[in-house]
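Inside the fold
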Amino acid sequence: WHASAGLPEVGVPRLPDIGALRARVDAELAAGWEVTLAERDGTIAGFLAIRPAEALLCELFLRPDRRGQGIGARLLAHAKARMPGGFRLFTRPVNRPAIRVYEAAGLRYLADDIHPRVGDRILWYGWIPEADAGTQATPASRPAGRNTKR
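Heads up: these notes are all about the structure in this document.

Conventions and cut-offs
- Residues numbered from 1 in each chain as written.
- Predicted model: local features only at pLDDT ≥ 70, side-chain atom pairs only at ≥ 80, totals over all residues.
- Heavy atoms only, no water.
- Phe/Tyr/Trp six-rings, centres within 6.5 Å; stacked < 30°, edge-to-face > 60°.
- Helix = DSSP H or I, 4+ residues; strand = E, 2+ residues; numbered from the N terminus.
- Buried < 20%, exposed > 50% of the residue type's maximum accessible area, 1.4 Å probe, protein only.
- Arc of directions from axis to C-beta.

**Some points on the packing of aromatic side chains**
Scanning the model with the defined rule gives five aromatic pairs in all. Look at Phe87 and Trp127: their rings are 5.8 Å apart centre to centre, the planes differ by 40°, and that puts the pair in the tilted class. Within this pair, whereas Phe87 is found in strand E4 (residues 87–91), its partner Trp127 is found in strand E6 (residues 121–127), the two being separated by 40 residues in sequence. Grouping residues by exposure puts Phe87 and Trp127 together as buried. Ring centres of Tyr109 and Tyr125 lie 6.0 Å apart, and the angle between their planes is 80°; this geometry places the pair in the edge-to-face category. Here the residue Tyr109 occupies a position in strand E5 (residues 108–114), and Tyr125 occupies one in strand E6, the gap between them amounting to 16 residues. The class for Tyr109 is partly exposed, based on a relative accessible area of 40%. Linked through ring pairs, Tyr102, Tyr109 and Tyr125 together constitute an aromatic cluster.

**Some details on helix H4 (residues 96–104)**
Listed as buried for H4 are Ala98, Ile99 and Tyr102. Down the axis, H4 shows its buried residues gathered within 100° of arc, on one side only. Exposed residues on H4 whose side chains face more than 90 degrees from its buried face are Arg100 and Ala104.

Next up, the structure:
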C-alpha cells in the first residue's frame, strides 16, 4: 500500500509513516473493513478494502511491479460480487492508471469533491449495476455531508 500510494501518478500529497499507517489499518479493520489480498508468486500483489454495508470501496492498491497484470480488474470484480447493488469510491484526478481500470470495469464518474482529511481534489466513481448492463440508471449519490472513505 505504502509503496503504491507513494507513486507520483497516484497523487497522495503526503504519505503517513508506516506506524501511522499501521494504526489506521487497525482502526479500519475494527470499524468493519473487509480486506481481500491478491497473491502472486508467494507475495502480496495487491489488496482491496471494502465496506459493503456502506456500498464503499475504501482502498484498492497494487504493488507497483504488479500493475498491468489484471490484478486490479480481478479485485474490482470481487468488489462487484460482494456489493452487487453497486458501490462508490474516490481517487485523485492524477491517478490516470486507476481511472483507466475503473472505467474499463464499468465504473462511471459521479462528481468532484474535496478530500476530507487532506483537502486536495478527488473524483468520485461508482459502479451502478443497471448502467453496467446497458440500461439507464441514476448515478449513486456521494455520502451526505462528507466523504466516509478513510
